[in-house]
Amino acid sequence: MEALILTIIATSIPLLLAATGELIAEKSGVLNLGVEGMMLSGAVGALGAVLWLENPYYGIIAGALSGIFMASIFSVFTINFMTNQVATGLGLTIFATGLTGLAGAPLVGKTIPSLPKIEIYLLSDVPLIGSIFFKQDFVAYLSIAIIIFISFFLKYLKSGIILRAVGDDHQSAHSVGYPVKKIRWYATCFGGMCAGIGGAYIPLVLTPHWSEGMTAGRGWIALALVVFASWIPWRIIVGALIFGGITIAQLVGQARGWPIPSQLLSMMPYIATIFALTMISGRLTKNNSVVPSSLGKPFFDNK
Amino acid sequence: MRNIIIIIGVLVIGTVGYLFYQDKAKVPVADKESSATKVGFVYLTTPGDHGWTYAHELGKQMVEKHFGNDVKTSIVENVPEGPDATRVIRELANQGNEIIFTTSFGYMDPTLKVAKEFPDVKFEHITGYKRSSNVATGNIRFYEGRYIQGVVAGLMTKTNKIGYIGAYPIAEVIMGINAFAQGLRSVNKDATISVIWANTWYDPVKEADAAKVHIAEGADVLAQHTDSPAMLQIAEKEGALGFGQSTDMSAFAPKAQLFASINNWGPYYIKKIEALRNGKWSTGDGPDHWAGNVWGGLKSDMLLISKFQNMPDNVAKKAQETLDGLKNGSINIFAGPLVDNTGKEIIPAGKSLDDGALWGMNYYLQGVDGKVPG
């Protein structure tokens, strides 16, 4: 049972990180559908860095930088040139799939050392709870720290409230003097950084090798997760664990011969997302603040 | 004025005529160049250095080595199965390739479609079952390697639980599981196989998750019918054992890989190209139209077994005996009496399953848990 819980947590972490980053981008009004592409570039960057510098911690930094690089390409187009965000995001994923395939070609077939587990003194010896909460790798702790910080940031910090204002009504934010484009640049790059680290987690912990398209659609699940969490940070943890849990439950069910078709279980995360969307649209009539109102709309500052 | 027009006219006619003459004069030269047989290959992915497509790449290299300048190969990588494949195969035929190998199951219908447009070009489709007058098929008896895997797994397991990761519940994969079960039960009647379907040929993270689940559920020997080395890497990390797929994967798991079944397409490619050059190429209308005309295994060296490692000498010896037995025909994997895992008799003693029956498998034999989905 303990091993299964640990597997669920490990599977959830890339989703959790990528979704958190995307949440911040969307809160600022930028819909970046390039999450899958940014994750892939994070994965290839991390693997390259670890092979070169032989220390898995550099992989995290390299993953973050690769993600930021991809996000800044997206920002130049959508924020400065005001291109359509949906089309650019899809384009970014397609571009990154090709680019990472090319960049990763020399890395195929090489293995890297995994990220070590960090044991917290004494606490890690507590049965079950110890190995779940206090015997994880650096990125797992980091992702929880990011979520806690984000929740605090969006609610209590002035900069967080400005970010939300930009996402909710960019014209008003602009007219009271906030630099909309700059804030969106930062938010998108933060999203890229998180997606990059999430992608880096796949070769650093889950399967220590590179292969083309190895994220296999996890970026898209992260996008769904933001909606599922209805743009509330702590719900991403719940959502990621549910998504990860169902993925693993589906495999366990097969191994144990449960009489539920595995396809049905594979469907559950998506059904949950649709359900969440329905709930949100139902609530929209009462409380209009769930979806950032300027989400996906380009900002023209010459008006 | 008129003179100038006449002069220009003469010059133009002269130039055209000269070019025309040159073109004709060039033909024999061009012919000499093209005496090399042009061979095309369509790959599902970039070859990399492990797995399915890499095995085909090695086969292509054997062809180049064997024929030297007599053969000119061209490859197209990363071709998705579906309409894109049709375009790529047609392009290869247009470029004058005389024989084209399409190396994935999903190229079946695209290959047949293009073959109709180019009746003079020969096509070889790998792992398919549809043929036409200029489309032959080729496949490897992968299940023979899986029988040896079963024998080794049966001797190595301490928990008597084997974790198997399958791609899709199709006959190709199911016959592999059943062959594994036959090998397993030939040495260990207490061990059972638990199957997880990944519903993909390739998703390293999912394959790794499936491997982790198998180990958490108590399996200590893992087998796979998916393409990435992720399962072996997990086995290496968790101290379990496993088998490599398509190519030797010991670099990924030096302590966990017991052995790998290696796909060796070279001899088949060489045989078919040789036949084409001698004018003897055919689609070989043998009795086993299920598998096409070429379905070779250990006997014909289309399936090779890597070094037996990470196992005690007596297990390696038994594995070698099994390998020899399969090669000389003294072991018949699907010999009766065969009973499926619900107790129903498939065939009585004294009979054995033929190739057609293998391609119709939709049940598990004794030793496998659960039932085939769908």
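Reading the values: the criteria
Residues numbered from 1 in each chain as written. Chains lettered and ligands numbered in written order. Predicted model: local features only at pLDDT ≥ 70, side-chain atom pairs only at ≥ 80, totals over all residues. Contact = placed C-beta atoms within 7 Å. Helix = DSSP H or I, 4+ residues; strand = E, 2+ residues; numbered from the N terminus. Pairing = 2+ DSSP bridges. Axes fitted to C-alpha atoms, helices over the stretch in contact; angles between N-to-C directions. Expected span 1.5 Å × (residues − 1). Bend = angle between axes of the 7 residues up to and from the residue. Buried ≥ 20, exposed ≤ 12 C-beta atoms within 10 Å, placed from the backbone. Right-handed = clockwise from strand over helix to strand, strands pointing away.

### Concerning the interface of chain B and chain A
Thinking step 1. With 30 residues of chain B at the contact, the number on the chain A side is 27 residues.
Thinking step 2. For the side of chain B that touches chain A, the secondary-structure elements that each account for two or more residues are strand E7 (192-197), helix H7 (204-216) and helix H8 (230-238) of chain B.
Thinking step 3. With 10 residues, the single largest contributor to the side of chain B that touches chain A is H7(B).

### Remarks on the sheet that holds strand E11 (residues 294-296) of chain B
Residue and element names in this part refer to chain B.
Thinking step 1. Across the sheet, which stays open at both edges, the six strands sit in the order E2-E1-E3-E4-E5-E11 with parallel pairing between neighbours. Every other strand in the sheet has two partners, leaving strand E2 (71-76) and E11 as the edge strands with one partner each. Taken pair by pair, the neighbouring strands of this sheet meet at an average axis angle of 20°, ignoring direction.
Thinking step 2. Bridging between strand E1 (residues 37-42) and strand E3 (residues 99-102) involves four bridges; their strand directions are parallel. Looking at the pairing, Gly-40 lines up with Ile-100 of E3.
Thinking step 3. Its contacts with the sheet put helix H4 (residues 108-117) on E3, strand E4 (122-126) and strand E5 (135-140), and the angle it makes with E4 is roughly 175°.

### Thoughts on helix H9 (residues 180-206) of chain A
All names here are of chain A.
Thinking step 1. The first and last C-alpha atoms of H9 sit 38 Å apart over 27 residues, in line with the 39 Å expected at 1.5 Å per residue.
Thinking step 2. The axis of H9 is deflected most strongly, by about 25°, at Ala-200, and proline Pro-203 appears within four residues downstream.
Thinking step 3. Across the 27 residues of H9, 23 count as buried, placing the element largely inside the fold.

### Considerations on the pairing of strand E6 (residues 161-166) of chain B
Residue and element names in this part refer to chain B.
Thinking step 1. For E6, the tally of buried residues reaches five of six residues, placing the bulk of the element in the interior.
Thinking step 2. Summarising the sheet, E6 and E7 pair through six bridges and their orientation is parallel. Note on E7: the bridge partner recorded for Gly-163 is Ser-194.
Thinking step 3. Each parallel crossover has a hand, and for E6 linked through helix H6 (residues 171-187) to E7 it is right-handed.
Thinking step 4. Looking at chain direction, E6 and strand E8 (residues 221-225) are connected through five bridges and run parallel. Following the sheet pairing, Ile-162 is matched in E8 by Val-221.

Worth remembering: the numbers are spatial, not functional.
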